[in-house]
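Architecture and fold: a report
Listed here are the chains, written in short residue letters.
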Amino acid sequence: MAVDPLIELRDVNKHFGELHVLQDINLTVGRGEVVVVIGPSGSGKSTLCRAVNRLEAIESGAILIDGRPLPEEGKGLAQLRAEVGMVFQSFNLFAHKTVLANVSLAQIKVRKRKKEEADRRSRELLERVGLAAHADKFPAQLSGGQQQRVAIARALAMDPKALLFDEPTSALDPEMINEVLEVMQQLARDGMTMVVVTHEMGFARSAANRVVFMADGRVVEDRTPEDFFTAPESDRAKDFLSKILKH
């Protein structure tokens, strides 16, 4: 059990029509832990990730952040999304705003920082993700890997308690994947609490404290990377690993 739970899912259920996408999910993520969620397509990984940020509403069960249930809507929800940042597969940057403005916007609107303060923080974070020189460019002038790093800086700008990553590298060309994973590795080393849905097994092995393997809407295994990759217990996990580790 996590000593200091930051994210808790208790008996969480969710359907899309007939499809039971999350089935009695119980999961605890401790402060400073990196939990990587893997599994076949359609196993419920992304839905799980989105439910923690309330981008998907759940039907039953409870999700707690720092001991408090998720807010329903309104102000509390904007606050939640500041505390639990999300990085998506697509970068969702504003095309008509500069990189700097993209990172500063929510700081000004949600965190109520003055523009100078927000911009100063944004420049620090762009430096941290290796993009200080690109602050005045527009997203279209950047590669996919650079845009995703801007999206990470934007999420960090809110000083979140945790970050959720929903397949952050799956829309990228292979040569750009590592530059994004390197930033995420660094965040993990810095003690950021992270839930990462990914197909990148190398990242799962090296950065995760725990690997959560999902199949058919359930958590099938929840173990250390070492245990999971060397000795998976379930047939589903063995089958999954044999398919992906052959490549």
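Residues numbered from 1 in each chain as written. Predicted model: local features only at pLDDT ≥ 70, side-chain atom pairs only at ≥ 80, totals over all residues. Heavy atoms only, no water.

If you trace the six strands from one edge of the open sheet to the other, you get 6-7-8-3-9-10, paired in mixed fashion. Edge positions in the open sheet fall to strand 6 (84-87) and strand 10 (218-223), since each of these has one partner strand only. Strand-to-strand, the axes of this sheet are offset by a mean angle of 20 degrees, without reference to chain direction. In this sheet, strand 8 (residues 193-197) lies alongside strand 3 (residues 34-38) in parallel orientation, the contact comprising four bridges. Counted as the bridge partner of Val 34 is Met 194 from strand 8. Each of strand 6 and strand 7 (162-166) is contacted by helix 5 (residues 144-156), which is oriented at about 170 degrees to strand 6, the strand it contacts most. Here helix 6 (residues 174-189) sits on the sheet and contacts strand 3, strand 7 and strand 8; the angle it forms with strand 8, its principal contact strand, is near 145 degrees. (Pairing = 2+ DSSP bridges. Helix = DSSP H or I, 4+ residues; strand = E, 2+ residues; numbered from the N terminus. Axes fitted to C-alpha atoms, helices over the stretch in contact; angles between N-to-C directions. Contact = heavy atoms within 4.5 Å.)

Attention now goes to the packing of helix 3 (residues 99-109) against helix 5. Each pair of packed helices can be summarised by the angle the axes make with each other and by the distance between the axes. With their axes 8 Å apart at the nearest point, helix 3 and helix 5 run at an angle of 30 degrees to one another. By the criterion of interaxial angle, the relationship of helix 3 to helix 5 is roughly parallel. As for how helix 3 packs across helix 5, the hand of that crossing is right-handed. From helix 3, Val 99, Asn 102 and Val 103 reach across to helix 5, where they touch Val 150, Ala 153 and Arg 154. Its residues assigned to classes, the contact of helix 3 with helix 5 comprises four nonpolar, one polar and one charged. (Parallel < 35°, antiparallel > 145°, perpendicular 65-115°, else oblique. Left-handed = near helix turned anticlockwise from the far one by under 90°. Nonpolar A, V, L, I, M, F, W, Y, C, P; charged D, E, K, R; others polar.)

This paragraph deals with the packing of aromatic side chains. Tallied over the full model, the rule gives three aromatic pairs. Between Phe 228 and Phe 229, the aromatic rings sit 5.3 Å apart at their centres with planes inclined by 80 degrees, giving edge-to-face as the arrangement. Each member of the pair Phe 228 and Phe 229 is classed as buried. (Phe/Tyr/Trp six-rings, centres within 6.5 Å; stacked < 30°, edge-to-face > 60°. Buried < 20%, exposed > 50% of the residue type's maximum accessible area, 1.4 Å probe, protein only.)

Below, the discussion takes up the side chain of Glu 56. Take Glu 56: it is sitting in the loop between helix 1 (45-52) and strand 4 (60-65). By relative accessible area, Glu 56 is classed as buried at 17%. What Glu 56 contacts, discounting residues up to four positions off in sequence, is Lys 14, Phe 16, Thr 47, Arg 50 and Ala 51.

Our next topic: unusual backbone geometry. The backbone of Asp 24 shows a phi angle near 45 degrees, a positive value even though the residue is not glycine. Inspection of the secondary structure puts Asp 24 in strand 2 (residues 19-30). Positive phi is not limited to glycine here, since Asp 66 has a value of about 55 degrees. When you line up the elements, Asp 66 lands in the loop between strand 4 and strand 5 (68-69). For Asp 66, a relative accessible area of 25% gives the class partly exposed.

As a further point, take the pattern of salt bridges. Oppositely charged side chains can form a pair if their charged atoms are brought close together. Across all of its chains, the model carries 20 salt bridges by this definition. Taking the shortest distance from any N to any O, the salt bridge between Lys 161 and Glu 83 comes out at 3.1 Å. Here Glu 83 lies in helix 2 (residues 75-83) and Lys 161 lies in the loop between helix 5 and strand 7, a separation of 78 residues in the sequence. One continuous salt-bridge network, built from bridges that share partners, spans Asp 4, Arg 31, Asp 66, Glu 83, Arg 111 and Lys 161. (Salt bridge = Lys/Arg side-chain N within 4 Å of Asp/Glu carboxyl O.)

This part takes up the layout of surface pockets. Of the voids in this model, the largest pocket is the one considered here, and its volume is about 480 Å³. Arg 81, Met 86, Phe 88, Ala 106 and Arg 154 are, among the 20 residues lining the largest pocket, the residues nearest its centre. At the level of secondary structure, the elements contributing two or more residues to the lining of the largest pocket comprise helix 2, strand 6, helix 3 and helix 5. In terms of residues, the lining of the largest pocket owes the most to one element, helix 3, which gives four residues. Here the lining of the largest pocket is built from residues that sort into 13 nonpolar, four polar and three charged. (1 Å grid on protein atoms, 1.4 Å probe; cavity = no way out; pocket = protein on both sides within 12 Å on 5 of 7 lines; lining within 4 Å. Points joined across faces, edges and corners; volume = space filled by probe spheres on them.)

The positions that UniProt labels "domain: ABC transporter" (unreviewed entry) are, in the present scheme, residues 7-241. Regarding residues 7-241, the helix share stands at 39% and the strand share at 26%, and the terminal C-alpha atoms are separated by 27 Å. (UniProt positions renumbered as here; feature names shortened; annotations may be inferred.)

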